[in-house]
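Take a look at the letters that make up each chain.
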Amino acid sequence: MGQDSHLLTTRQLFGTHWNLGDPDDLLSVPGRINLIGEHVDYHDLPVLPMAIQRRITIAFRARQDATLRAISQSYKESWFELTAASEPSPNGDWTNYLKAAAQAARMRWALRRGLDAYITSDLPPAAGLSSSSSLLAGMTLAMLKVNGAQATISELMEVLPEAEHFVGTRGGGMDHAAVLASEAGCALLVHFNPIELSSLPIPPDWAFLVAHSLTTAEKSGPVRAQYNARRAAGTNALQMLGLESYRAALRNYSSEELTSAAARLPKQEQRAFLHVVTEAARVENALATLRLADIGAFGHLLTASHASLRDRLQVSNSSLDELVRIALEAGAAGARLTGAGFGGCAIVLCRMPERDRVRAELEKRFYSKHADFDPERQLFFAEPSGGALHV
Ligand code: GLA
């Protein structure tokens, strides 16, 4: 479905459900894939995500009071007073994402007016495509809108990653930057602290296939502890080595020096540390190869990133590994898991003329074994799309 028909459907669903006439406004926030730079954003190292055409759409209308009411196609109706946004709902309840947005809006911009919203999405949830950060970003933008307020990307970036901690994941800022600020046709290079964004065009003959592993990674569920543990191991490693930050370490020491220093660390910390410093180098190289449109070299870096996530950080699973293996055997230039891992999607980079063959091979060798496979939602080509601030 194209973006226009999404907007239309969401507008209609708003009207039917709330029986309040037309919404005041609609907005849409894309999902994202991350091309490279995985599990490094929370250590303030640069990442290279890209917004995609799959998105969440929100139809909304201002209320006169301070209540937020929302419903989505997949989740039951939810409502709360903005003043109660700081009290979390039970773990796993989608209301926590709405509360995170409301809390951010109240604390940062002192927004007081509530809204009614209807939310639709063609982004598979818990798939590593940032559906939760897109919802958080979208609801925050809707809150700003109904209160007649505006925020810059830097202000949003100060608030949204922090707000996500409300749902329990100590994530970084990659997803929010990507879904807000990506430009159509481009990947977004994100530097943190301070935030700096630049758009890098994706060569027109590169195709990114998004392949769902048919295993999910629910951020508010068990994955949360696993994710937070990877972050903690990386941070503990720095402290144990007496290093101030990964940025300082990479500036002051060669990769050989860092690798030999890592030998002094306990296993978990050592693995996390080596993943982070090697991934940082891969991002650097990936930027150079993207600028040269060297698909072979870029693809190798993607595959090497997957190996590091699988063997060092240990955030892959057998389905993601199998998808990557089949894609490479079918002639893809590179493949890796994208996002936090523990399930969710792999991305597969192909030369345009080979993309249908690689896709067919994945269908034959992986998806044909799964009766519940949905080819429309679970295996699709990512189009480099504009973020919510550019739509
Ligand atoms: C999740 C987080 C991001 C990032 C990735 C791993 O998507 O939300 O901030 O840490 O995992 O790269």
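Residues numbered from 1 in each chain as written. Predicted model: local features only at pLDDT ≥ 70, side-chain atom pairs only at ≥ 80, totals over all residues. Heavy atoms only, no water.

Draft legend 1. Geometry of the site of the ligand. Contacts to the ligand come from 13 residues, most closely from Glu38, His39, Asp41, Asp175 and Tyr227. Protein contacts shield 98% of the accessible area of the ligand, which totals 310 Å² for the unbound molecule. Tallied by class, the residues present in the shell around the ligand amount to 4 nonpolar, 4 polar and 5 charged. (Near = heavy atom within 4 Å. Areas by Shrake-Rupley, 256 points an atom, 1.4 Å probe, with all protein chains shown as cover. Nonpolar A, V, L, I, M, F, W, Y, C, P; charged D, E, K, R; others polar.)

Draft legend 2. Main features of helix α10 (residues 295–313). With 19 residues, α10 extends 26 Å between its outermost C-alpha atoms, agreeing within 8% with the 27 Å of an ideal straight helix rising 1.5 Å per residue. Three or more residues of α10 are buried, namely Ile295, Phe298, Gly299, Leu301, Leu302, Ser305, His306, Ser308, Leu309 and Leu313. (Helix = DSSP H or I, 4+ residues; strand = E, 2+ residues; numbered from the N terminus. Expected span 1.5 Å × (residues − 1). Buried < 20%, exposed > 50% of the residue type's maximum accessible area, 1.4 Å probe, protein only.)

Draft legend 3. Seen up close, the side chain of serine 131. By the element assignment, serine 131 lies in helix α3 (residues 131–146). For serine 131, a relative accessible area of 18% puts it in the buried group. Residues in contact with serine 131, not counting those within four places in the same chain, are Leu123, Pro124, Pro125 and Ala126. (Contact = heavy atoms within 4.5 Å.)

Draft legend 4. Local environment of the domain arrangement of the chain. Domain boundaries in the chain define domain 1 (3–201) and domain 2 (206–390). Averaged C-alpha coordinates put domain 1 and domain 2 at centres separated by 24 Å. The interface is formed by 64 residues belonging to domain 1 together with 56 residues belonging to domain 2. Surface buried jointly by domain 1 and domain 2 totals about 4700 Å² across both partners, of which 60% is contributed by carbon and sulfur atoms. (Domains from an automatic or database assignment. Buried area = accessible area lost by both parts, 1.4 Å probe.)

Draft legend 5. View of the pairing of strand β8 (residues 206–212). By the criterion of burial, β8 is predominantly enclosed, with 7 of the 7 residues buried. Alternating residues of β8 divide into Trp206, Phe208, Val210 and His212 and Ala207, Leu209 and Ala211, and every residue in both groups is buried. Pairing of β8 with strand β10 (residues 345–351) involves 7 bridges; the strand directions are antiparallel. Pairing of tryptophan 206 across the sheet is with arginine 351, part of β10. For β8 and strand β11 (residues 379–382), the ladder comprises 4 bridges, and the chain directions are antiparallel. Paired with leucine 209 across the two strands is phenylalanine 381, which belongs to β11. (Pairing = 2+ DSSP bridges.)

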